[in-house]
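As a plain string of letters, each chain reads:
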Amino acid sequence: MSHSFDEISQQLKRRHRKSARLKWISMGALGLAGLFLVLFFADMLSKGLPAFQQAYINTEVRYTEEASRDGRLAFEEELLPLISRTVVRVIPLQLRNNPEMIGTSEQRWMLATSEVDQYLKGHRNRLSDEEKAEIDERVATGQVDLRFNKTFFGSGDSKIAENAGILSAVVGTIMTMIVTLLISFPIGVMTAIYLEEFAPDNRFTQLIEININNLAAIPSILFGLLGLAIFINFFGVPRSSPLAGGMTLALMTLPVIIIATRTALRSVPDSIRHAAFGVGCSRWQVVRDHVLPLAMPGIMTGSIIGLAQAMGETAPLIIVGMVAFIPDVSASFTQAATVMPAQIFTWSGEPEQAFVEKTAGGILVLLSVLISLNAFAVVLRKKFERRW
Amino acid sequence: MQTNQLLLLFCTVLLLLGLVAFFVGRAKAARVRASGAAMYAQPDQYAWFAVLSTAGPAVLVGALGSLLLLLLGADIPPMYLLAASLVVAAAGLAVGVAQVKPHFHARQAIERVIRWVLTGAAMISIFTTFGILFSIISEALRFFQMHSFWEFITGTTWNPGASFLAAAGRGDGSGAQFGSVPLFAGTFMITAIALLVAVPIGLLSAIYMSEYAPQRVRTIAKPVLEVLAGIPTVVYGFFAAITVAPIIVNIAGFFGLDASYNNAVAPGIVMGIMIIPFISSLSDDVINSVPDSMRQGSLALGMTKGETIRDVVIPAALPGIISAALLGMSRALGETMIVVMAAGMRPNLTANPLEDMTTVTVRIVASLTGDQEFESAETLSAFALGLVLFVVTLTLNLVSVLMIRRFREKYRVNNL
């Protein structure tokens with residue numbers, strides 16, 4: 001049976017329409033992925049940005065004798081439900097350090113409770129109508145205001161929402177990352193040098209290669225089990241410490257650094273090695289003086305990306321106990337500490353409304369650190385990348 | 001003395017001995033050379049050899065000694081160990097300096113040492129794998145001594161309930177049931193939802209980027225997709241629990257369905273978003289390495305562009321695409337934070353994704369963060385679950401590697 005030209009051209013049109021449809025669908029898929037990203041960031045920003053501001057109340061503080069025992073007595077009675085409970089300890093501490101202030105009074109911006117804070121930001125809160133009216137009145141006269149949240153960046157964790165900050169987690173993250181980098185960078189680079197420059201092509205080398213690729217794909221939580229069973233239970237490394245967490249993360253980062261370093265070493269052309277061998281360098285001299293310096297930008301880029309990955313990791317750290325409640329900044333590698341992602345996890349489990357904002361604020365801090373690290377890595381690569 | 005103080009002392013003395021070795025060795029080599037002898041190596045190389053022969057054996061003795069100490073219990077006091085390793089260091093110093101002779105190949109000796117050190121570094125990755133296997137298997141075996149393996153694999157009730165009382169000496173723990181089927185059902189349900197989101201979007205994005213997109217779009221879209229992979233999972237978990245889950249509940253309510261706030265759909269979708277870049281980036285590479293001659297042949301036969309992609313390019317790239325999906329699946333199975341924060345805690349054997357259900361990783365975290373004794377069956381069950389997780393993800397990874405290797409051999413491409 002033969003078709004007329006009309007039918008065939010109809011069929012062709014259909015086929016071309018179908019072809020065009022695939023293009024639009026695939027474009028839509030990519031657009032959808034981009035849309036997720038935009039929605040995600042918009043959601044995080046809208047939830048997290050308010051955390052950088054906090055409600056403060058401008059009031060007279062009377063540094064009386066009684067106030068040095070109970071800080072609440074320094075304030076007017078009707079304001080007490082609105083002022084943060086932290087004053088109970090803050091004011092006596094201040095007076096103990098500066099005894100000459102007793103008997104004076106001053107006009108000061110005091111931290112308000114998280115309920116006032118949430119009310120000013122238009123979130124759910126538990127204030128009574130009279131209290132709301134009181135606040136509205138004071139807002140009108142400029143006595144209650146949202147100001148930059150110093151506490152959030154300047155103090156550690158707290159069970160009192162308005163007093164909780166991210167500082168101890170930031171310090172914990174830095175210490176953990178130092179341990180991770182000190183272990184994984186040298187070992188990773190050395191392994192990569194061995195595999196690329198020294199190793200003979202035999203079964204043993206292949207075993208190591210398969211192993212490394214496999215390690216890169218193992219779920220991170222299993223590294224946590226290793227850290228718990230071997231580092232903590234067997235070697236007796238203190239639980240919750242940056243040392244235990246850093247060692248666990250180092251093993252996780254190792255494959256990332258090895259793979260990045262191997263790529264960087266491979267991109268150095270052989271002619272450089274031939275020339276160096278030609279003038280009588282030994283293998284180690286070739287690597288140390290010629291190949292490694294040329295590969296360094298690539299190695300640094302890969303290591304920074306690996307470090308950023310480790311910085312966002314939570315699951316293995318939960319297993320080694322780094323979700324502890326850490327109100328003070330710790331200064332030792334063997335003391336209990338917490339890290340930013342773990343702090344975010346802890347806050348997300350708090351039932352109070354104010355902590356939702358803290359969590360999102362912590363997420364913004366973490367994301368901006370990670371994005372700047374990655375951007376730095378990209379700039380590094382762009383600036384020093386050499387095409388041979 | 002404390003361990004840190006001992007360590008500090010050891011390092012300081014070793015550093016001093018190393019410095020002594022370096023300068024004495026170099027001075028001696030310079031003297032020999034000045035006397036007119038033709039030497040095989042430079043003075044600096046002799047000096048470095050002396051340093052290596054001082055520090056190397058001493059560190060080795062110290063490390064092995066402390067390992068033995070840990071393994072066998074404290075039979076040797078740490079002070080003796082310190083003294084022994086320092087004696088070894090001094091002997092090494094003497095040997096190293098004595099070796100500064102015209103006919104000694106110092107450079108080759110250094111080369112040999114460095115090769116051993118590099119091999120040692122490479123061994124660490126193997127130790128890590130064995131460490132994971134050893135730690136998981138040994139604890140899992142203890143668990144299987146308490147509860148039967150068969151019950152663990154086929155049981156449909158997970159109720160650790162009273163097992164912590166048994167560990168504390170009260171009760172016999174007979175009420176505890178460790179049947180992992182509901183956990184694996186939950187895990188696979190959430191993974192399936194994630195793959196339903198990630199595979200179509202990831203694959204279609206890859207098709208668009210490799211077949212249609214102009215160069216400019218490609219250079220922007222690829223890093224933007226990579227951002228999705230770089231977001232920490234704890235952030236995704238928060239997003240799933242706070243933003244996506246209420247939306248799912250509202251949508252389900254609109255259709256008259258009853259959804260839990262810990263439903264499986266929210267973590268599934270968010271996990272799917274997370275693994276989009278894993279799938280799209282590998283698929284993109286694979287589609288790009290399908291030889292152009294196949295596209296040209298197909299177009300020459302009068303196929304439209306869409307038909308070429310659907311009937312020629314995708315079937316050719318299928319092993320690679322399956323491999324990408326398997327990798328994504330292994331990611332999703334082992335993903336922890338999203339499910340810990342957004343999925344439920346109740347082991348629930350159901351086919352309804354709107355109900356709350358729990359996963360293997362959630363149980364691992366839950367049983368290791370409580371206040372139980374480490375010896376209790378509940379804590380040890382985490383390692384048994386970890387063992388199964390390890391085996392499943394390992395298998396998926398190996399199959400994925402095999403598939404990509406088959407693809408590579410078929411089309412002789414080397415950049416995958």
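Rules behind the numbers
Residues numbered from 1 in each chain as written. Chains lettered and ligands numbered in written order. Predicted model: local features only at pLDDT ≥ 70, side-chain atom pairs only at ≥ 80, totals over all residues. Helix = DSSP H or I, 4+ residues; strand = E, 2+ residues; numbered from the N terminus. Rg over C-alpha atoms; globule rule 2.2 N^0.38 Å. Buried ≥ 20, exposed ≤ 12 C-beta atoms within 10 Å, placed from the backbone. Pairing = 2+ DSSP bridges. Axes fitted to C-alpha atoms, helices over the stretch in contact; angles between N-to-C directions. UniProt positions renumbered as here; feature names shortened; annotations may be inferred. Parallel < 35°, antiparallel > 145°, perpendicular 65-115°, else oblique. Contact = placed C-beta atoms within 7 Å. Expected span 1.5 Å × (residues − 1).

Peer 1: Explanation requested: the overall build of chain A in the structure shown.
Peer 2: The helix and strand tally for chain A stands at 14 helices and three strands. A compact globule built from 388 residues would reach a C-alpha radius of gyration of about 21 Å, whereas chain A, at 29 Å, exceeds it by more than 25%. Counting only C-alpha atoms and orienting by the principal axes, one finds that chain A spans roughly 90 × 75 × 40 Å. Taken over 388 residues, chain A has a buried fraction of 45%.

Peer 1: Would you mind going over the sheet that holds strand β1 (residues 53-62) of chain A with me for this structure?
Peer 2: The strands making up a sheet are joined through hydrogen bonds of the backbone, oriented either antiparallel or parallel. All names here are of chain A. Strand order in the open sheet made by the three strands is β2-β1-β3, with antiparallel pairing throughout. Each edge of the open sheet carries a strand with a single partner, namely β2 (105-111) and β3 (144-148). Neighbour to neighbour, the strand axes of the sheet diverge by 40° on average, direction disregarded. Pairing of β1 with β3, which is carried by five bridges, proceeds in the antiparallel orientation. Its bridge partner lying in β3, Ala-55 is registered against Leu-146.

Peer 1: In this structure, what is going on with the UniProt feature "transmembrane region" (unreviewed entry) in chain A? I would like to understand it.
Peer 2: Residues and elements named next belong to chain A. Residues annotated in UniProt with the feature "transmembrane region" (unreviewed entry) correspond here to residues 21-42, 166-195, 215-237, 243-265, 317-340 and 360-380. Spanning residues 166-195, this segment combines 97% helix with 0% strand, and its end C-alpha atoms are found 41 Å apart. The span residues 317-340 is 17% helix and 0% strand, and its two end C-alpha atoms sit 11 Å from each other.

Peer 1: Help me understand the packing of helix α8 (residues 220-234) of chain A against helix α4 (residues 106-146) of chain B, please; the structure alone is not making it clear to me.
Peer 2: Packed helices, taken two at a time, are described by the angle between their axes plus the distance between the axes. Running from N to C, α8 of chain A and α4 of chain B point in directions that differ by 75°, and their axes come no closer than 9 Å. Between α8 of chain A and α4 of chain B, the interaxial angle falls into the category roughly perpendicular. Side by side, α8 of chain A and α4 of chain B meet where Leu-222, Leu-225, Leu-226, Ala-229 and Ile-230 of chain A of the first sit next to Gly-131, Ile-132, Ser-135, Ile-136 and Glu-139 of chain B of the second.

Peer 1: Sorry, what's going on with helix α6 (residues 167-198) of chain A here?
Peer 2: In an α-helix, one full turn covers 3.6 residues, which means residues spaced three or four apart are oriented alike. For α6 of chain A, with 32 residues, the first-to-last C-alpha span of 45 Å sits near the 46 Å given by 1.5 Å per residue. Of all 32 residues in α6 of chain A, 23 are buried; the element is thus mostly enclosed.

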